[in-house]
There are 2 protein chains.
Amino acid sequence: MQLACNSLCLTERPHMATDVVIGIDIGGTNTAYAVVDRSGTLACESSVPTRGYRSPEEFVAAVSERMRESLKGLGQSVTLRGVGIGAPNANYYNGTIEFAPNLEWKGVIKMAGLFAGHFPVPAAITNDANAAAIGEMLFGGARGMKDFIVITLGTGLGSGIVAGGQLVYGHDGFAGEIGHTIVDPDGRQCGCGRRGCLETYASASGIKRTVFELLATSNLPSELREVAFTGLTAAMVSDAALRGDHLALEAFEHTGRLLGLKLADAVAHTSPEAIFLFGGLANAGELIFKPTQRWMEEYMLNIFKNKVKLLPSGLKDKNVAVLGAAALIWNELKNG
Amino acid sequence: MQLACNSLCLTERPHMATDVVIGIDIGGTNTAYAVVDRSGTLACESSVPTRGYRSPEEFVAAVSERMRESLKGLGQSVTLRGVGIGAPNANYYNGTIEFAPNLEWKGVIKMAGLFAGHFPVPAAITNDANAAAIGEMLFGGARGMKDFIVITLGTGLGSGIVAGGQLVYGHDGFAGEIGHTIVDPDGRQCGCGRRGCLETYASASGIKRTVFELLATSNLPSELREVAFTGLTAAMVSDAALRGDHLALEAFEHTGRLLGLKLADAVAHTSPEAIFLFGGLANAGELIFKPTQRWMEEYMLNIFKNKVKLLPSGLKDKNVAVLGAAALIWNELKNG
């Protein structure tokens, strides 16, 4: 809990209230939020548990109360312009969270409307990868770009696609599910109920599954032979690879090959200027970037070759989920 | 050659000149064109050979001369507002045709500029599938839709993607190459130099290859066992299937499965309201629509299931390539 906010970090305009928005990242376990000004500076970063409330209404009431205190701590020098929310299974058009498997609340939750009931300002919601893409466009490495894709490599694989300067929401608000494009229809079981989705290969949990496949299919010696499935993390695979563990390196090669294959497909759809890799597995740096780039070029149609930049997020040291949620509102205000 | 135009078909506005554009479809063998009014009515449909000119400049000069005669035939009752061109490997941003394998002229041809040199009006160019998508949006089944995809199933597989009401051109103008997404990196050789592209399976030539694969791998009796590879056409496969030929039916099933798989991937990218199938193979009707729809639903992420319409083009009886090229200009004029 951090109520005495770092208000001085906000862009100061003497004798004028600074416009701010609240960015909220609703996760399965915790909900993080911050007050964010137009330049992307975060203040009052805080988080509360997402679980343990009897209803979404109670949750929103509790979080809003905390936020009001945060805003009070900033004094009269700020004007709240909106509330931006990033959440799993969020529907931008309807302002809802719909059937999110990792949240306690089932069915359709009118989350944006609930927050708008507590603050007399616009509220908008989108999924975390879309929020990250808007954050990247407004404050990160995609500034000035009109066509790019953000890929988040966490437990799963999320994506946000920007085409012609606009986030692609699609007909129903759910566009940008590159993690659920299919690598192999007879492949690995996915949490979505199907088989062979990209995220079962290219994600923190995907590379772990690849390690165990390699432990079974190859005779490569590896320090990872000492680790149980439950105990293995993507960071351990990364550390082993940095120590030269051949099997761990092979796991990154496999991951990069399949990610590169499907990114080449993604390029054939929207022809982006750059693809940003972000999230836990992207922190492995060259271990994941190098094979992904090489295979993406290998699998890419000749007219696209050597055109598409594969980049780390330009927001690495910030809370991208919260900043992206805030950027959603700044972007709406910018577009009128 | 048809110089005495069907000018009376054009929307008539008494005592006012009717605004028209010229739509041009540059193909490997022939170049078709027509005069098109704002309601999508075609007049003066004609075509000239694409080959046999010493330079693109000579070609454009000859075609423009023919067009001027066509316009003259319509009298002073029309005002030319623009020239829209559909062509293979066309780059919308640059107004160019770039390294088109099926055209005589190599390298980069400034085609839009050449036509603008002959007519004092805006000229724009895009590839035929993109033109078909804009035609579908302005005059066909996609009227009122903001998110849809047009797939042309000809010798190859072309596609035009519309997201948020705008055609997706991508960073370089070449977006929408779903025919070159990869079904199997070790699969069939593609004209693009790679292996396993969707168009090597789902196209008029793709289904022919599938028939020959089935002739080799199965013992199904089939009238197609009497036909040489060179002699087989997609229409023959379609006719055999309609007569109940099991192998031909199986070929449609295979084609629909792989097309459905990659359309499910396409839905995961831009979440369209509808996908339009168009071109030679789409004329097979239910033979191709049914298995494609079934497999697309089978492979689709649950949040998209039963939402995406698979439709025939709403422009079936018209020259879609020419109408789409004209629509490109009408769309620009509409968007200011």
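Here, every reference points to the structure presented above.
Residues numbered from 1 in each chain as written. Chains lettered and ligands numbered in written order. Predicted model: local features only at pLDDT ≥ 70, side-chain atom pairs only at ≥ 80, totals over all residues. Heavy atoms only, no water.

S.K.: An account of the nonpolar core is requested, with residue identities and associated values reported.
M.R.: By size, the foremost hydrophobic cluster in this structure holds 111 residues, and its most contacted members are Ile275(A), Leu277(A), Ile275(B) and Leu277(B). If we skip the residues at most four places from it in the chain, Leu277(A) touches Ile151(A), Leu153(A), Leu259(A), Leu263(A), Ala282(A), Phe289(A), Leu310(A), Leu311(A), Pro312(A) and Ser313(A). (Core = buried A, V, L, I, M, F, W, Y, C linked by side-chain atoms within 4.5 Å. Buried < 20%, exposed > 50% of the residue type's maximum accessible area, 1.4 Å probe, protein only. Contact = heavy atoms within 4.5 Å.)

S.K.: Break down the packing of helix 5 (residues 234-242) of chain B against helix 6 (residues 246-270) of chain B for me, with residues and values.
M.R.: Residues and elements named next belong to chain B. One way to put it is that helix 5 packs onto helix 6 with a least axis distance of 7 Å and a crossing angle of 115°. Read as a crossing pair, helix 5 and helix 6 show a hand that is left-handed. Across from Val237, Ser238, Ala240 and Ala241 in helix 5, the residues of helix 6 making contact are Ala248, Leu249, Ala251 and Phe252. (Axes fitted to C-alpha atoms, helices over the stretch in contact; angles between N-to-C directions. Helix = DSSP H or I, 4+ residues; strand = E, 2+ residues; numbered from the N terminus. Left-handed = near helix turned anticlockwise from the far one by under 90°.)

S.K.: Quick one: what's the story with the interface of chain A and chain B, residue by residue and with numbers?
M.R.: With 38 residues of chain A in contact, the opposing surface of chain B contributes 38 residues. For the pair chain A and chain B, the summed buried surface comes to about 3200 Å²; carbon and sulfur atoms form 62% of the total. The tally of links from chain A across to chain B stands at four salt bridges. Here Lys262(B) ties to Asp265(A) by a salt bridge, and the two come within 2.7 Å at their closest N and O atoms. Joining chain A to chain B, the criterion identifies 18 residue pairs in polar contact (both at pLDDT 80 or more). Element by element, the count of residues in the side of chain A that touches chain B is highest for helix 6 (residues 246-270) of chain A, at eight residues. Partitioned by chemical class, the residues of the side of chain A that touches chain B number 19 nonpolar, nine polar and 10 charged. (Buried area = accessible area lost by both parts, 1.4 Å probe. Salt bridge = Lys/Arg side-chain N within 4 Å of Asp/Glu carboxyl O. Polar contact = N/O pair within 3.5 Å; in protein donor to acceptor, adjacent residues only side chain to side chain. Nonpolar A, V, L, I, M, F, W, Y, C, P; charged D, E, K, R; others polar.)

S.K.: Lay out the packing of aromatic side chains in plain terms, naming residues and giving numbers.
M.R.: Under the counting rule described, the total for this entry stands at 16 aromatic pairs over all chains. The rings of Tyr53(A), Phe59(A) and Trp105(A) are connected pair by pair, giving a single aromatic cluster. For Arg68(B), the ring lying beneath its charged end belongs to Phe119(B), and the centroid distance is 5.6 Å. Seen from the ring of Trp295(B), Arg257(B) lies directly overhead, with NZ or CZ sitting 5.2 Å from the centre. (Phe/Tyr/Trp six-rings, centres within 6.5 Å; stacked < 30°, edge-to-face > 60°. Lys NZ or Arg CZ within 6 Å of the ring centre and 35° of its normal.)

S.K.: Please set out helix 3 (residues 128-139) of chain B residue by residue, giving values where relevant.
M.R.: All names here are of chain B. Taking 1.5 Å of rise per residue, 12 residues should cover 16 Å, and helix 3 covers 16 Å from first to last C-alpha, within 8% of that figure. With respect to burial, helix 3 is a largely interior element, 11 of its 12 residues being buried. For helix 3, the complete set of buried residues consists of Ala129, Asn130, Ala131, Ala132, Ala133, Ile134, Gly135, Glu136, Met137, Leu138 and Phe139. For helix 3, the N-terminal capping position is held by asparagine 127, with its side-chain oxygen 2.9 Å away from the main-chain nitrogen of alanine 129. (Expected span 1.5 Å × (residues − 1).)

S.K.: Explain unusual backbone geometry to me, using residue names and the numbers behind them.
M.R.: Residue and element names in this part refer to chain B. One non-glycine residue with positive phi stands out, namely asparagine 89, at about 55°. In this structure asparagine 89 comes out as partly exposed when scored by relative accessible area, which is 27%. For serine 271, which is not glycine, the phi torsion reads 45° and is therefore positive. One can find serine 271 in the loop between helix 6 and strand 12 (274-278). Of the residues examined, serine 271 reaches a relative accessible area of 2% and is grouped as buried.

S.K.: Can you lay out the relation of the copies chain A and chain B for me, pointing to particular residues and giving the numbers?
M.R.: Turning chain A through 180° and shifting it by 0.0 Å along the axis lays it on chain B, with an RMSD of 0.0 Å. Taken together, the rotation and translation describe the operation of a two-fold axis. In this assembly the copies share their binding face: 100% of the residues contributing to the interface of chain A also contribute to that of chain B. (Least-squares fit on C-alpha atoms with pLDDT ≥ 70 in both.)

S.K.: So what's going on with the layout of surface pockets? Residues and values would help.
M.R.: Unoccupied space between atoms shows up once a probe the size of one water molecule is rolled over them. Of the voids in this model, the largest pocket is the one considered here, and its volume is about 1500 Å³. Forming the walls of the largest pocket are 45 residues, and the residues nearest its centre are Pro88(A), Asn102(A), Asp128(A), Gly156(A) and Glu199(A). Counting only elements with at least two residues in the lining of the largest pocket, the list comes to strand 1 (18-26), helix 3 (128-139), strand 9 (148-153), strand 10 (157-163), helix 4 (204-217) and helix 8 (320-334) of chain A. Residues of the lining of the largest pocket, tallied by class, amount to 18 nonpolar, 20 polar and seven charged. Each pocket or cavity is described by its volume, and for the second largest pocket that value is around 1300 Å³. Around the second largest pocket, the lining is made up of 38 residues, and of these Pro88(B), Asn89(B), Asn102(B), Asp128(B) and Glu199(B) lie nearest the centre. (1 Å grid on protein atoms, 1.4 Å probe; cavity = no way out; pocket = protein on both sides within 12 Å on 5 of 7 lines; lining within 4 Å. Points joined across faces, edges and corners; volume = space filled by probe spheres on them.)

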